[in-house]
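# An overview of the molecular structure
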Amino acid sequence: MNAKGRVFKYGDNVDTDVIIPARYLNTSDPGELAAHCMEDIDRDFIKQVNKGDIIVAEKNFGCGSSREHAPIAIKAAGVSCVIAETFARIFYRNAINIGLPIIECPEASRGIQAGDEVEVDFDSGVITNVTRGTSFQGQAFPEFMQKIIASEGLINYINNK
Amino acid sequence: MGMTMTQKILAAAAGLDKVEAGQLIEANLDLVLGNDITSPVAIKEMDKFTAKGVFDKDKIALVPDHFVPNKDIKSAEHCKCVREFARKNEITNYFEVGEMGIEHALLPEKGLTVAGDVIIGADSHTCTYGALGAFSTGVGSTDMAAGMATGKAWFKVPSAIRFILTGKPAEWVSGKDVILHIIGMIGVDGALYKSMEFVGDGIANLTMDDRFTIANMAIEAGGKNGIFPVDALAEKYIKEHSDKPYIIYQADEDAVYDASYTIDLSQLRPTVAFPHLPENTHTIDEIRQMEAVAIDQVVIGSCTNGRLDDLRIAAKVLKDRHVAKGMRCIVIPATQAIYMQAMEEGLLKTFIQAGAIVSTPTCGPCLGGYMGILAEGERCVSTTNRNFVGRMGHVSSEIYLASPAVAAASAVKGVISAPEEL
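The structure contained in this document is the topic of the report that follows. (Residues numbered from 1 in each chain as written. Chains lettered and ligands numbered in written order. Predicted model: local features only at pLDDT ≥ 70, side-chain atom pairs only at ≥ 80, totals over all residues. Heavy atoms only, no water.)

### Observations regarding the nonpolar core
The condition is simple: Nine residue types can take part in a nonpolar core, namely buried Ala, Val, Leu, Ile, Met, Phe, Trp, Tyr and Cys, and a core is a set of them joined through side-chain atoms within 4.5 Å. The buried label goes to any residue with under 20% of its type's maximum accessible area, the exposed label to any with over 50%, and the partly exposed label to all in between, with areas taken from a 1.4 Å probe on protein chains only. Contacts between residues were defined by any pair of non-hydrogen atoms, one from each residue, lying within 4.5 Å.
Ranked by internal contacts, the top residues of the largest apolar core, which has 125 residues, are F61 of chain A together with I416 of chain B. Apart from the residues within four sequence positions on either side, I416 of chain B is in contact with V272, F274, I284, I287, V293, I295, V381, Y400, V406 and S410 of chain B. Judged by nonpolar contacts, the second largest core, of 49 residues, contains C63 of chain A together with C127, M392 and I399 of chain B.

This is the structure we're talking about:
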């Protein structure tokens, strides 16, 4: 499984309130949520994002609320992968559970800039910055999580067990 | 190598003699919780299961509290979805308006969370129940759905940071100051993926409400859970509120911790977290050296600080005083029982005489839902738990997190203040 796209770059502690503000949590429709994705941190994000694009951030991405609406909004906006130095733990679980690929890699987080073209190979964990001709080794998922992702989410994984 | 308190609870729930940090386990759940925002997403996921129904109708708690009483039509539809699911599956612990409260204040009060329990909740502040010696942690809606269907959840066993609390807090210093001090010290990802285990003889000087506040904000340091040992006070609380069997676990003598910090509670000062992260803390003494921070609104309530002790402290400050001209002061008792007790003690009268308003239980303003949204550039001192950009309203508004004592004093003065300055 691969992802390839243009990068939107953010800093430390991108919280779930800026990913999807609570004023929009009176709906759980992925399309409606996507329309407000990243609104309070980057008003232009939703106008500029294309299918397959990648979010790269620094430490503690997705901190704060447990709202699964956050990874749902990111996925529905067309983002193919989120790369960060570290993820907040509930966001990490939620992303895996809904099948949004995420990958921890501090070196990639430092070596990728906004607008770069980046490719991610999920099987090997290798992240390639096509624009700058550099590559980074991200942390591949443990086997157990790979199975959840391969099943396209936790529910199917449990159904198949 | 011994186990931490959290590791012992998880080992027992997974049917294992021993677990170690990093190990993936599947644990049996004692309670699965959801609210009006997270449950509808979980209920939708439940339909995808081949096996239908819930694992145990007595071990699920559904608490509409975020946008309740319904703030708009869409919220009303969400609540209807939760209500119908509860009815169809005969969920014992569904709490309708009139009996609901803010979930993390309500469930301990109803005796649903006891020592030794393993609890997941689709709300990040589920970590609150660690005050009673339970392992409890926040998850998302899909985990909630899987928990409701199977009664199990997977966990990566966490390592732990130990906080040794000593001494007695001074007057006007409470659990909120303790946890804000800790988050200021270790940062908003200082306990990422880890347990925060609070120990030491200083715990005896913390009320149960102090401990709930401290465990509640473990997530604000990135923690998986926060947990306290079960002493006589905690056991008394459990027995008064619950007839559920409970098990008291203690950390092994040779348990391993990633780090240990000793905190002398007697040295702590009223502490405020400035925008836009809970780690941006300043003591009241530091704040006095700064230019005065003028505020427009004060919120006293939430799963962090809407309990009886919190209201008593706020009322003590507001008694025979009045909020500053132009100040909006919103007081929200966290449950119906707290509301009733506050009424009987005359606290609500004190608030209203002081020019504050008193609301029915709701999470409302804490997450920018309703009941106190901020306009462009407005500032609020709040006893809630997060001061992220736009959390309570406009992206340029500001939230200053503080204790009920500081919030009440600030309402009177119109600038961030401690009660000792009144």
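### Looking at empty space enclosed by the protein
All names here are of chain B. Convention followed: Computed over the protein atoms alone on a 1 Å grid, cavities are sets of points where a 1.4 Å probe fits but cannot get out and pockets are open sets with protein on both sides within 12 Å along at least five of seven lines; a residue lines them when it has an atom within 4 Å of a point. Grid points are joined across faces, edges and corners, and a volume is the space filled by probe spheres set on the points. Secondary structure elements follow DSSP: runs of H or I of four or more residues count as helices, runs of E of two or more count as strands, with numbering from the N terminus. Under the scheme applied here, ten amino acids are nonpolar (Ala, Val, Leu, Ile, Met, Phe, Trp, Tyr, Cys and Pro), four are charged (Asp, Glu, Lys and Arg), and all others, including Gly, are polar.
Summed over the entire model, instances satisfying the criterion amount to seven cavities of 30 Å³ or more. Put simply, the largest cavity is a space of about 230 Å³. Taken together, 22 residues form the lining of the largest cavity, with H66, D123, H125, L367 and R391 sitting closest to its centre. For the lining of the largest cavity, the secondary structure elements donating two or more residues are α4 (103-109) and α10 (302-305). Residues belonging to the lining of the largest cavity are distributed by class as follows: seven nonpolar, 10 polar and five charged. Within this model, the second largest cavity holds a volume of roughly 60 Å³. Tallied by class, the residues present in the lining of the second largest cavity amount to five nonpolar, five polar and one charged.

### As for the sheet that holds strand β7 (residues 134-137) of chain A
Residues and elements named next belong to chain A. The following threshold applies: The pairing criterion for strands is at least two bridges between them, as found by DSSP. Structural elements are reduced to axes, namely lines fitted to C-alpha atoms, with helices fitted over the stretch in contact, and the angle between N-to-C directions of any two is expressed from 0 to 180 degrees.
Spatial ordering of the open sheet is given by β4-β3-β2-β1-β5-β6-β7, a layout of seven strands whose pairing is mixed. If you trace the sheet from one side to the other, it starts and ends with β4 (102-104) and β7, each paired once. Strand-to-strand twist of the sheet, defined as the mean angle between neighbouring strand axes without regard to direction, takes the value 25 degrees. Sheet analysis places strand β6 (residues 126-129) next to β7, joined by four bridges and oriented antiparallel. Bridge pairing in β7 links T128 to S135.

### Comments concerning unusual backbone geometry
For the peptide bond that leads from V68 of chain B to P69 of chain B, omega is -10 degrees, which places it in the cis range. A cis amide bond links P275 of chain B to the next residue, H276 of chain B, at an omega of 0 degrees. Mapped onto the elements of the fold, H276 of chain B is located in the loop between β12 (271-273) and β13 (281-283). A positive phi angle, close to 60 degrees, is found at N60 of chain A, a residue other than glycine. Here N60 of chain A is to be found in the loop between β2 (54-57) and α4 (69-76). Judged by its relative accessible area of 1%, N60 of chain A is buried. The backbone of D320 of chain B shows a phi angle near 60 degrees, a positive value even though the residue is not glycine. With respect to the helices, strands and loops of the structure, D320 of chain B is situated in the loop between α11 (308-318) and β15 (328-331).

### Focus: the sheet that holds strand β2 (residues 31-35) of chain B
All names here are of chain B. Taking strand neighbours across the sheet as the criterion, the five strands line up as β4-β3-β2-β5-β6 in an open arrangement whose pairing is parallel. The sheet is open, and its two edges are formed by β4 (93-94) and β6 (135-138), each paired on a single side. Sheet topology note: the strand β5 (residues 118-121)/β6 ladder contains four bridges and is parallel. Bridging across to β6, I119 finds its partner in S136.

### Considerations on the interface of chain A and chain B
Our working definition: What counts as buried area is the accessible surface, traced by a 1.4 Å probe, that two parts surrender upon association, with contributions from both included. Should a side-chain nitrogen of Lys or Arg be within 4 Å of a carboxyl oxygen of Asp or Glu, the pair is scored as a salt bridge. Polar contact is defined as a pair of N or O atoms within 3.5 Å, subject to the rule that within protein one atom must be able to donate a hydrogen and the other to accept it, and that residues adjacent in sequence are counted only when both atoms are side-chain atoms.
Every contact between the two is made by 41 residues of chain A and, on the other side, 49 residues of chain B. At the boundary of chain A with chain B, total buried surface from both sides reaches about 3700 Å², with 57% on carbon and sulfur atoms. The three residues of chain A that bury the most area against chain B are N26, R89 and R93 of chain A, which together make up 20% of that side's buried surface. Counting across the interface, chain A meets chain B through four salt bridges. Measuring nitrogen to oxygen at the nearest pair gives 2.7 Å for the salt bridge that ties D143 of chain B to R93 of chain A. One can count 21 residue pairs in polar contact (both at pLDDT 80 or more) joining chain A with chain B. Broken down by secondary-structure element, the contributors of at least two residues to the side of chain A that touches chain B are α1 (16-19), α4, α5 (89-98), α7 (143-150) and α8 (154-160) of chain A. Top element by residues in the side of chain A that touches chain B is α5 of chain A. It accounts for seven residues.

### With respect to the packing of helix α7 (residues 208-216) of chain B against helix α8 (residues 232-241) of chain B
Two quantities define a packed helix pair, namely the angle between the helix axes and the distance between the axes. Residues and elements named next belong to chain B. This is how it is decided: Working rule for angles: under 35 degrees goes down as roughly parallel, over 145 as roughly antiparallel, 65 to 115 as roughly perpendicular, anything else as oblique.
Remark: α7 packs on α8, axes separated minimally by 10 Å, with the N-to-C direction vectors making an angle of 95 degrees. As judged from the angle between their axes, α7 and α8 are roughly perpendicular. Judged by residue contacts, M208, R211 and F212 of α7 engage L233, A234 and Y237 from α8.

### Some thoughts on α11 of chain B
Buried within α11 of chain B we find L308, D310, L311, A314, A315, V317 and L318 of chain B. In the stretch just after α11 of chain B, D320 of chain B is the one whose phi turns positive, near 60 degrees.

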